[in-house]
Amino acid sequence: MRIAIAGGTGTLGRRVAAELGARGHEVRVLSRSAPEYRVDLTTGAGLDEALLGVDAVVDASNNASTKGAARTLVDGSRRLLAAGEAAGVRHHVCVSIVGCERVPMGYYRTKAEQERVVERGPLPWTLLRATQFHELAAGAVAAGARWRVLPAPGARLQTVAAAEVAVAVADVAEKPAARDRVEVAGPLVEDARDLVRQWLAATGRRALVVPVAVPGALGRALREGGLTTARPDVRGTTTFAQWLAAGHP
């Protein structure tokens, strides 16, 4: 198959590209910094050429900024779907987040809106929803550890290795569109504070862990496991502690 990956240079996208390439597919990496198929989802520049002759599109694009998220994820999805329809794409795979509709925070609301755009769009689709990546959790802790004080919210998380999500994305992209959601989650549901302590133990770094109570509906959603799932379609096998022990930062 010829498969295009929007956001193909990102944390997940580059792993998906490698996985699909290893399976023998022709992969087109789409991003603003891609060496060949330079695409800007906020304007649509480069999309028509990049999707010519493509069988399936994986949208692994990301923009967590307050002002840019909707332009990239919602408006960008509309552009990507329209260009895909014109090019005869048969399957649009959108990577999203488990529980994004349950957590009242700006970025998650944007991801939920992106899902609605895809579901109502012109192409056959599958939504691949994943829980937070180990990489994201570790990166957030590492950034805070620079100040030797780590605020740790009360939140139940089910982190998963991006490499395991990439395999699931590749599996979905190879199949016909399901017009349904496929959920991928980590093997354990853990408190965010425990993840912080695991990172400190694994890295030998020292910092004061300060429990933080997130107020209101957002806090309740996080404490009640709004970003987790009891019955994922695909369950990862590598825990956060094992991922850290394998030498990841």
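As a reminder, the structure under discussion sits directly above these lines.
How should the packing of aromatic side chains be read in this particular structure?
Centre distance and the angle of the planes are the two values used to describe a pair of aromatic rings. With the rule as written, the count across this model stands at two aromatic pairs. Between Tyr107 and Tyr108, the ring centres sit 6.1 Å apart and the planes meet at 65°, which makes this aromatic pair edge-to-face. Pairing Phe240 with Trp243 gives two aromatic rings, centres 6.0 Å apart and planes at 15°, and the pair type is stacked. Taken together, the residues span about one helical turn, with Phe240 and Trp243 both in helix H9 (residues 240–245) at a distance of three residues. When sorted by exposure, Phe240 lands in the same class as Trp243, which is buried.

Explanation requested: the pairing of strand S9 (residues 181–185) in the structure shown.
Successive side chains on a regular strand alternate, one facing one side of the sheet and the next facing the other. Most of S9 is tucked away: four of the five residues are buried. As judged from the four bridges shared by strand S6 (residues 125–130) and S9, these two strands associate in the parallel manner. When the sheet's bridge partners are listed, Leu128 is paired in S9 with Val182. Bridge count between S9 and strand S12 (residues 234–235): two bridges; the pairing is parallel.

I'm lost on the pattern of salt bridges in this one. Help?
Side-chain pairs of opposite charge can arise whenever the charged atoms involved come near each other. Counting across every chain of the model gives 17 salt bridges. Two residues, Glu101 and Arg102, come together in a salt bridge whose shortest N-O distance is 3.6 Å. Owing to a relative accessible area of 39%, Arg102 belongs among the partly exposed residues under this scheme. For the salt bridge of Asp194 with Arg197, the shortest nitrogen-to-oxygen distance reads 3.5 Å. You can see Asp194 and its partner Arg197 sitting in helix H7 (residues 192–203), three residues apart, about one turn around the helix. Taken together, the shared-partner salt bridges connect Glu101, Arg102, Glu115, Glu119, Arg129, Arg181 and Glu183 into one network.

Explain a positive patch on the surface to me, please; I cannot follow it from the model alone.
Judged by side-chain charge, Arg146, Arg148, Arg205 and Arg206 come together as a positively charged surface patch. The topology assignment puts Arg205 in the loop between H7 and strand S11 (208–212). Classification of Arg205 by relative accessible area gives partly exposed; the value is 38%.

Reading the values: rules and limits
Residues numbered from 1 in each chain as written. Predicted model: local features only at pLDDT ≥ 70, side-chain atom pairs only at ≥ 80, totals over all residues. Heavy atoms only, no water. Phe/Tyr/Trp six-rings, centres within 6.5 Å; stacked < 30°, edge-to-face > 60°. Helix = DSSP H or I, 4+ residues; strand = E, 2+ residues; numbered from the N terminus. Buried < 20%, exposed > 50% of the residue type's maximum accessible area, 1.4 Å probe, protein only. Pairing = 2+ DSSP bridges. Salt bridge = Lys/Arg side-chain N within 4 Å of Asp/Glu carboxyl O. Patch = residues over 30% accessible without salt bridge, like charges linked within 9 Å, V, L, I, M, F, W, Y side chains within 5 Å. Areas by Shrake-Rupley, 256 points an atom, 1.4 Å probe, with all protein chains shown as cover. Lys, Arg positive; Asp, Glu negative; His and termini not counted. Charge placed at Lys NZ, Arg CZ, Asp CG, Glu CD.

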